Amino acid sequence: MNLHILSDDQSIEITSGQTILQASIAHKVPLSHICGGPIRCTTCRVRILEGLENCGPRTDQEKVIADQSHFPDDIRLGCQTTILGDVQLRRLVVDEED
């Protein structure tokens, strides 16, 4: 399976059951490319562009945080989203105050 990160234009291999964050760390993708930094690993979010049907369902924790932050359905918490197939995602730039 592949995870393609836009606009970084980088594809990485991802094993079944890995999350976006786990795969990115394993392939040395800078954490700042997928979230606001290492202290935000529990609130990472990325916009899934293609392959949304291949992402695991949101956990209860993801739903709560997404609802509180008013994220639309195509924004997932990268650290908790399990990848089940090829996915394209666009990293979100998170402001300091976010």
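Reading the values: the criteria
Residues numbered from 1 in each chain as written. Predicted model: local features only at pLDDT ≥ 70, side-chain atom pairs only at ≥ 80, totals over all residues. Heavy atoms only, no water. Helix = DSSP H or I, 4+ residues; strand = E, 2+ residues; numbered from the N terminus. Contact = heavy atoms within 4.5 Å. Areas by Shrake-Rupley, 256 points an atom, 1.4 Å probe, with all protein chains shown as cover. Polar contact = N/O pair within 3.5 Å; in protein donor to acceptor, adjacent residues only side chain to side chain. Buried < 20%, exposed > 50% of the residue type's maximum accessible area, 1.4 Å probe, protein only. Arc of directions from axis to C-beta. Pairing = 2+ DSSP bridges. pLDDT = per-residue confidence, 0-100.

### Topic: the overall build of the protein
Now for step 1: In terms of helices and strands, the protein carries two helices and five strands.
Now for step 2: Listing the helices and strands of the protein from first to last along the sequence gives β-β-α-β-α-β-β.
Now for step 3: By sequence separation, contacts in the protein at least 24 residues apart represent 66% of the contacts at least 6 residues apart.
Now for step 4: When the accessible surface of the protein is split by element, carbon and sulfur atoms take 50% of a total near 5500 Å².

### Let's talk about the side chain of His4
Now for step 1: For His4, the position within the fold is in strand β1 (residues 2–6).
Now for step 2: Polar side-chain contacts of His4 include one of 2.5 Å to the side chain of Ser11.
Now for step 3: Apart from the residues within four sequence positions on either side, His4 is in contact with Asp9, Gln10, Ser11, Val87, Gln88 and Leu89.

### Thoughts on helix α2 (residues 60–69)
Now for step 1: Taken residue by residue, α2 has Glu62, Ile65 and Ala66 as its buried positions. Looking straight down α2, one finds its buried side chains confined to an arc of 100°; they lie on one side. What points out from α2, more than 90 degrees from its buried face, is the exposed set Asp60, Asp67 and Gln68.
Now for step 2: For α2, the elements touching its buried residues are β4 (75–76).
Now for step 3: Of the residues one or two after α2, His70 is the one with positive phi, at around 60°.

### Brief notes about the sheet that holds strand β2 (residues 10–13)
Now for step 1: A sheet is described by the order of its strands in space; here five strands give the open sequence β2-β1-β5-β3-β4, paired in mixed fashion. The open sheet is flanked by β2 and β4, the only strands paired with a single partner.

### Looking at the confidence of the model for the protein
Now for step 1: Taken as a whole, the protein shows an average pLDDT of 75; of its residues, 77% reach a score of 70 or greater.
Now for step 2: Taking the mean pLDDT of every element in the protein, the minimum, 74, falls on β4 and the maximum, 88, on β2.

### Digging into the environment of Gly51
Now for step 1: By secondary structure assignment, the location of Gly51 is in the loop between β3 (46–50) and α2.
Now for step 2: Accessibility expressed as a relative area gives 11% for Gly51, which makes it buried.
Now for step 3: Linking Gly51 and Val87, residues 36 residues apart in sequence, is a C-alpha distance of 4.5 Å.

### A short note on the pairing of β3
Now for step 1: Summarising the sheet, β3 and β4 pair through two bridges and their orientation is antiparallel. Residue pairing for β4: Val46 is matched across the bridge by Arg76.
Now for step 2: Pairing between β3 and strand β5 (residues 87–91): four bridges, direction antiparallel. From the neighbouring strand, Arg47 faces β5, where its bridge partner is Arg90.

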